[in-house]
Amino acid sequence: MLLSGKGKHRRPSKAVRVATLAGVTGVAVAAPLMAAGNASAASVSTWDAVAQCESGGNWSINTGNGYYGGLQFSQSSWAAAGGTQYASRADLATKGQQIAAAEKLLAIQGPGAWSCAGAGNLTSGGSKADVDTSGSSAAKPAKPKLSKPKAAPQQKSQRVESAPKASRSEERSEPVKQGDGEYTVKSGDTLGTIATANSTKGGWQHLFELNKDIVKDANLIFPGQKLHLG
């Protein structure tokens with residue numbers, strides 16, 4: 001976590017206090033500080049190690065504790081390092097943009113700006129990290145992809161069967177005749193399925209003929225009716 005003027009870990013150095021002021025008053029204060037020392041930088045892998053210690057490597061983290069992004073910038077440190085040219089807060093900037101701002105802060109404050117500097121062996125000086133700062137910040141939400149509506153599947157034409165349709169429990173004006181046959185109709189039965197299940201010769205037509213006294217419509221039988229099978 002970055003150490004600012006209100007840091008909990010130790011008393012801030014003069015450089016830290018001045019950098020915090022720079023975030024408030026503008027670059028007129030920050031510029032001389034950056035010019036006062038040699039340019040400092042670190043490799044991407046070093047910054048990754050520091051971020052892993054600071055934020056678990058989450059470059060877009062915002063836990064509401066006043067520190068933002070993978071390197072846990074305070075808002076004043078982010079502004080002092082010029083990070084606001086990329087995004088209003090560090091967590092809204094890309095990884096490359098956060099590292100670019102961190103290199104400026106490293107030049108201003110040195111490794112002591114991060115309590116996790118030791119985890120990545122972060123030191124002043126070194127080659128500049130090869131990062132791309134031109135990417136869009138996380139502040140711009142990605143545009144949702146619009147999915148094209150799928151065409152409704154074409155219904156296959158169904159061949160009209162001569163076999164009776166499934167039984168229905170419709171209300172009728174006259175009571176349903178129960179019959180006294182050996183087979184009791186169950187929900188979902190048809191004359192066709194009953195004939196097939198019981199190997200009735202002549203199929204559903206024969207069952208219909210056998211039970212005409214209770215089945216008036218071959219397409220309409222009722223659960224509980226007792227049908228003759230032969």
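Values in this document were obtained by computation on a predicted structure and should not be read as measured data. (Residues numbered from 1 in each chain as written. Predicted model: local features only at pLDDT ≥ 70, side-chain atom pairs only at ≥ 80, totals over all residues. Heavy atoms only, no water.)

This next bit is on the environment of Leu105. Tracing the chain through its elements places Leu105 in helix 5 (residues 95-109). The spacing of Leu105 and Ser77 is 28 residues in sequence and 7.3 Å in space, taken between C-alpha atoms. (Helix = DSSP H or I, 4+ residues; strand = E, 2+ residues; numbered from the N terminus.)

For the pair helix 3 (residues 44-55) and helix 5, interaxial distance at closest approach is 11 Å and the crossing angle is 95°. When the axes of helix 3 and helix 5 are compared, the pair comes out roughly perpendicular. Contact residues: Val44, Trp47 and Asp48 in helix 3; Lys95, Ile99, Ala102, Glu103 and Leu106 in helix 5. When its residues are assigned to classes, the contact of helix 3 with helix 5 shows 5 nonpolar, no polar and 3 charged. (Axes fitted to C-alpha atoms, helices over the stretch in contact; angles between N-to-C directions. Parallel < 35°, antiparallel > 145°, perpendicular 65-115°, else oblique. Contact = heavy atoms within 4.5 Å. Nonpolar A, V, L, I, M, F, W, Y, C, P; charged D, E, K, R; others polar.)

Looking now at the nonpolar core. Formed by 27 residues in total, the largest nonpolar core has its most connected members in Trp47, Leu71, Phe73, Trp78, Trp114 and Leu122. Among the elements of the structure, helix 3 and helix 5 are those that each provide at least two residues to this core. Considering every element that reaches this core, the biggest residue donor is helix 5, with 6 residues. Of all hydrophobic cores here, the second largest spans 14 residues; its members include Tyr183, Ile194, Ala195 and Leu227. (Core = buried A, V, L, I, M, F, W, Y, C linked by side-chain atoms within 4.5 Å. Buried < 20%, exposed > 50% of the residue type's maximum accessible area, 1.4 Å probe, protein only.)

Moving on to the state of the cysteines. Taken as a whole and judged by the stated rule, the model has 1 disulfide. A sulfur-sulfur separation of 2.1 Å characterises the disulfide bridge that pairs Cys53 with Cys116. On the sign convention where negative is left-handed, the bridge of Cys53 and Cys116, at about -60° about the S-S bond, is left-handed. Of this pair, Cys53 sits in helix 3 while Cys116 sits in the loop between helix 5 and strand 3 (183-184); the two residues are 63 residues apart in sequence, bridging distant segments of the chain. Taking relative accessible area as the criterion, Cys53 reaches 40% and is therefore assigned partly exposed. (Disulfide = S-S within 2.5 Å.)

Turning our eyes to something else, we now look at the packing of aromatic side chains. Centre-to-centre distance and the angle between the planes together describe a pair of aromatic rings. Throughout the structure, instances matching the rule amount to 2 aromatic pairs. With centroids separated by 5.2 Å and ring planes inclined at 65°, the aromatic side chains of Trp47 and Trp114 adopt a geometry described as edge-to-face. Note that Trp47 is positioned in helix 3 and Trp114 in the loop between helix 5 and strand 3, a separation of 67 residues in sequence. Per residue, the accessibility class of Trp47 equals that of Trp114, and both read buried. Here Phe73 and Trp78 contribute two aromatic rings whose centre-to-centre distance is 5.0 Å and whose plane-to-plane angle is 70°, an arrangement assigned as edge-to-face. Across the pair, Trp78 and Phe73 agree in class, each one buried. (Phe/Tyr/Trp six-rings, centres within 6.5 Å; stacked < 30°, edge-to-face > 60°.)

Turning our attention to the confidence of the model for the protein. Residue-level pLDDT values for the protein average 74, and 65% of them are 70 or greater. Across the protein, strand 1 (residues 67-68) holds the top mean pLDDT of 95, while helix 2 (residues 27-36) sits lowest at 35. Across residues 138-142, confidence stays below pLDDT 50; counting only partners more than four residues off in sequence or on other chains, it has 4 contacts. Considering only residues more than four positions removed or in separate chains, one finds that residues 155-172, a stretch of pLDDT under 50, has 29 contacts. (pLDDT = per-residue confidence, 0-100.)

Taken as a whole and assessed by the stated rule, the structure comprises 4 salt bridges. Between Lys95 and Asp48 there is a salt bridge whose closest N-O contact spans 2.8 Å. Of this pair, Lys95 sits in helix 5 while Asp48 sits in helix 3; the two residues are 47 residues apart in sequence, bridging distant segments of the chain. Among the salt bridges present, the one from Glu209 reaches Lys212, with a minimum N-O distance of 3.4 Å. (Salt bridge = Lys/Arg side-chain N within 4 Å of Asp/Glu carboxyl O.)

Moving on to helix 3. With 12 residues, helix 3 extends 16 Å between its outermost C-alpha atoms, agreeing within 8% with the 16 Å of an ideal straight helix rising 1.5 Å per residue. When we look at burial in helix 3, the residues that qualify are Thr46, Trp47, Val50, Ala51, Glu54 and Ser55. When helix 3 is viewed along its axis, its buried side chains cluster within an angular range of 135° and face the same direction. Along helix 3, the residues that are exposed and aim more than 90 degrees away from the buried face are Ser45 and Gln52. Buried residues belonging to helix 3 abut helix 5. Two residues or fewer after helix 3 comes Gly56, characterised by a positive phi angle close to 75°. (Expected span 1.5 Å × (residues − 1). Arc of directions from axis to C-beta.)

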